[in-house]
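Observations on the model geometry
Take a look at the letters that make up each chain.
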Amino acid sequence: MTESYRLQTVDGIGRVPKHIWDSLANPGWQVADHGRISPKEGTDVAAFNPFTSHDFLRVCESSGCVSSKAGWLPHHLVLEDGTGATAGVVPAYLKGHSFGEYVFDHSWADAYERMGGSYYPKLQVSVPFTPATGPRLLTADGEARAALGRGIAMVADHLSLSSAHVTFANETDVDTLQTEGFLLRLDQQFHFENKGYDSYDQFLGELASRKRKALKRERRDALAPGIEIEWVTGSDLTEAHWDAFFAFYMDTGSRKWGRPYLNRTFFSQVSDAMSERILLVMAKREGRYIAGALNFIGSDRLYGRNWGCIEDHPFLHFEVCYHQAIDFAIHRKLAIVEAGAQGEHKLARGYLPVTTRSAHYLPDAKFRRAVAHYLEQERLAVLETADAFAAQGPFRRGDLLQDD
């Protein structure tokens, strides 16, 4: 660690004042009540990321979703410069398992334990339960960023941990971490890019005729049983909405994962703290809500997060989660829709493959060599798969421009 810096860890985000954390997580942005944001005058700002905000991370902790009992023990890094001012922070957790991360390392844990080691606890640098790319070394200063990267490794060494993992990090942070000796891992998501469309129909006009007709039919069939769609955001969000959505979330999540990560308190608290950064897409039939999708709103993109339903209808999931997200992004002039982890079915609906990155510190030399070899092969496979998916996209190209 550079002599001009001092590193400490804190056991909760409340140990760092909100205005300090937010100035480092989203520099140049002012964050007001209920998540209202505005760029500071005369400041060239990067995109605002709602998940690294103090509000979101605080709610994860205050709701009990992040706690020692849940296997997420807050262990945030705080970097001070020579004057005692906070120069950077890192959202970090001591993890007793590998759930809620969406970068799967269960096979690594198994291999390390067969080698005679104990994989858990490990240090996890991430936003809990949120597979969305963003900054992880929260600072605008390049030297401080490098110091934070070294600091993550120092904490892992000091606590004799098997590993440290920085997941869904942006390219700048990953480049810094690789310089500090972290291993690179690639994965893939599917994102929609809004090319300045005025309407969903204008977007459809860029698709091959067969794909365009299929999506029109899919959207029509999804709403055929008399289903209506509502967008609910800001002050319109009520506890009744969250009661309904939580029932969807628990019903679907319990069948898919066995134990959903978020509790009812989380939704009330995040709504109170960040209602202006939230979009609920709710489906209603015969006066009763039957399905919904939770999205968070950044300055330039929409992040799809959770979905659930209590009635099954053909194509309703695609309508509520993907088509409505595109509609909202076009309406709000947002550049990107990130539709969450995995899901090759998103490709046919206008979401194209995008590479995601994580960085991993493994102090055990033998284990590191084995994982490095695996990651080299995995990276090639991810890139080849992305190329193949891109070629299968629904957009017109080449001689298909005359397919009508």
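That block above? That's the structure.
Everything in this summary refers to the structure shown in the same document. Per chain, the residues get numbers from 1 upward, laid out in the order the sequence is written. pLDDT decides what is reported in this predicted model: residues at 70 or higher carry local features, side-chain atom pairs at 80 or more are listed and counted, and totals for whole chains, interfaces and linings draw on all residues regardless. With hydrogens and water set aside, each side-chain value is computed from the structure's full complement of heavy atoms.

Moving on to the sheet that holds strand S5 (residues 76-80). Pairs of strands are assigned from DSSP output, requiring at least two bridges between the strands. Numbered from the N terminus, helices here are DSSP runs of H or I no shorter than four residues, and strands are runs of E no shorter than two. Across the sheet, three strands lie side by side as S1-S5-S6; this open sheet has antiparallel pairing. Here the strands that pair on one side only, and so sit at the sheet edges, are strand S1 (6-10) and strand S6 (86-90). If you compare each strand with its neighbour and ignore which way they point, the axes differ by 20 degrees on average. The pairing of S5 with S6 spans four bridges and is antiparallel. Residue pairing for S6: Glu80 is matched across the bridge by Thr86. By definition, residues are in contact when any of their heavy atoms lie within 4.5 Å. The convention used is that axes are lines fitted to C-alpha atoms, helices contributing only their stretch in contact, and that angles between N-to-C directions extend from 0 to 180 degrees. Lying on the sheet, helix H4 (residues 142-158) is in contact with S1, S5 and S6; it crosses S5 at an angle near 135 degrees.

We now examine the pairing of strand S10 (residues 183-193). Working definition: with a 1.4 Å probe on protein chains only, accessible area under 20% of the residue-type maximum means buried, over 50% means exposed, and in between means partly exposed. Counting buried positions over the eleven residues of S10 gives nine, a clear majority of the element. Bridge count for S10 against strand S16 (residues 352-361) is nine bridges, and the pairing is antiparallel. When the bridges of S16 are listed, Gln188 appears paired with Thr355. Where S10 meets strand S15 (residues 336-341), four bridges bridge the pair, whose relative direction is antiparallel. Looking at the pairing, Glu193 lines up with Ile336 of S15.

This next bit is on the pairing of strand S12 (residues 278-285). With respect to burial, S12 is a largely interior element, eight of its eight residues being buried. Burial along S12 is two-sided: Ile278, Leu280, Met282 and Lys284 facing one way and Leu279, Val281, Ala283 and Arg285 facing the other are all buried. One ladder, built from seven bridges, connects strand S11 (residues 227-233) with S12; its direction is antiparallel. Within S12, the position partnered with Glu228 by the bridge is Lys284. In terms of strand pairing, S12 meets strand S13 (residues 288-297) through eight bridges, oriented antiparallel. What sits directly across from Leu279, in S13, is Asn295. Taking the residues between adjacent antiparallel strands as the criterion, S12 and S13 are bridged by two residues, where Glu286 takes a positive phi near 55 degrees.

Below, the discussion takes up the sheet that holds S13. If you walk across this open sheet you meet the eleven strands as S4-S7-S8-S9-S16-S10-S15-S14-S13-S12-S11, and the pairing is mixed. On the outer flanks of this sheet lie strand S4 (72-74) and S11, each paired with one strand and no other. Taken over all neighbouring pairs, the strand axes of this sheet differ in orientation by 30 degrees on average, direction set aside. Here three bridges tie strand S8 (residues 122-125) to strand S9 (residues 164-166), and the two strands are oriented parallel to one another. Note that in S9 the partner of Leu123 across the bridge is Ala164. Packing against the sheet, helix H5 (residues 171-179) makes contact with S9, S10 and S16, and its axis sits at approximately 35 degrees to S16.

Looking now at the side chain of Ser162. With respect to the helices and strands, Ser162 occurs in the loop between H4 and S9. In protein, a polar contact means a hydrogen-donor-capable atom and an acceptor-capable atom, both N or O and within 3.5 Å, with residues adjacent in sequence counting only if both atoms are side-chain atoms; elsewhere, any N or O pair within 3.5 Å suffices. A polar contact of 2.7 Å, which involves the side chain of Ser162, links it to the backbone oxygen of Tyr119. Separated by 3.0 Å, the side chains of Ser162 and Ser163 make a polar contact. Not counting chain neighbours up to four residues away, the residues in contact with Ser162 comprise Tyr112, Ser118, Tyr119, Pro121, Lys122, Tyr361, Leu362 and Pro363.

A large share of helix H2 (residues 54-62) lies buried, amounting to seven of its nine residues. When we look at burial in H2, the residues that qualify are His54, Asp55, Phe56, Leu57, Val59, Cys60 and Glu61. A positive backbone phi angle near 90 degrees is found at Gly64, which sits one or two residues after H2.

Within the fold, Asn49 resides in the loop between strand S3 (37-39) and H2. Residue classification places Asn49 among the buried positions, given a relative accessible area of 5%. If we skip the residues at most four places from it in the chain, Asn49 touches Asn26, Thr133, Gly134, Pro135 and Tyr303.

Attention now goes to the pattern of salt bridges. For this document, the term salt bridge refers to a Lys or Arg side-chain nitrogen within 4 Å of an Asp or Glu carboxyl oxygen. In this structure the tally under the stated criterion is 26 salt bridges. A salt bridge links Arg36 to Glu276; the shortest N-O distance between them is 3.7 Å. Of this pair, Arg36 sits in the loop between strand S2 (29-31) and S3 while Glu276 is found in the loop between helix H9 (264-274) and S12, placing the two residues 240 residues apart along the sequence. Of the residues examined, Arg36 reaches a relative accessible area of 42% and is grouped as partly exposed. Residue classification places Glu276 among the partly exposed positions, given a relative accessible area of 25%.

A word on helix H11 (residues 365-391). Take the residue count of a helix, subtract one, and multiply by 1.5 Å to get its expected span. Here H11 contains 27 residues, and its C-alpha end-to-end distance of 39 Å stays within 8% of the 39 Å for a straight helix at 1.5 Å per residue. Within the sequence span of H11, burial applies to Phe367, Val371, Leu375, Glu378, Val382, Ala386 and Phe389. Looking at the buried side of H11, the elements it contacts are helix H3 (106-114), S10 and S16. Its side-chain oxygen placed 3.1 Å from the backbone nitrogen of Lys366, Asp364 serves as the N-cap of H11.

Another point: the environment of Val337. With respect to the secondary-structure elements, Val337 resides in strand S15. Expressed as a C-alpha distance, the spacing of Val337 and Lys366, which sit 29 residues apart in the sequence, is 40 Å. Contact partners of Val337, with chain neighbours within four places excluded, come to Phe190, His191, Phe192, Leu302, Ala325, Ile326, Ala329 and Tyr351.

The next thing to look at is the packing of aromatic side chains. The way to describe two aromatic rings as a pair is by their centre distance and the angle between their planes. Aromatic rings from Phe, Tyr and Trp, with only the six-membered ring used for Trp, were paired whenever their centres fell within 6.5 Å, and each pair was classed as stacked if the ring planes differed by under 30 degrees, edge-to-face if by over 60, and tilted otherwise. Taken as a whole and judged by the stated rule, the model has 32 aromatic pairs. Centre to centre, the rings of Trp231 and Phe328 are 5.2 Å apart; their planes meet at 80 degrees, and the pair counts as edge-to-face. With Trp231 in strand S11 and Phe328 in helix H10 (residues 316-332), this residue pair connects regions lying 97 residues apart in the sequence. Classification of Trp231 by relative accessible area gives partly exposed; the value is 35%. Of the residues examined, Phe328 reaches a relative accessible area of 3% and is grouped as buried. Centre to centre, the rings of Phe246 and Tyr249 are 6.3 Å apart; their planes meet at 35 degrees, and the pair counts as tilted. Remark: Tyr249 and Phe246 occur in helix H8 (residues 239-256); sequence separation between them is three residues, near one turn of the helix. Comparing Phe246 with Tyr249 shows no difference in burial state: the two are buried.

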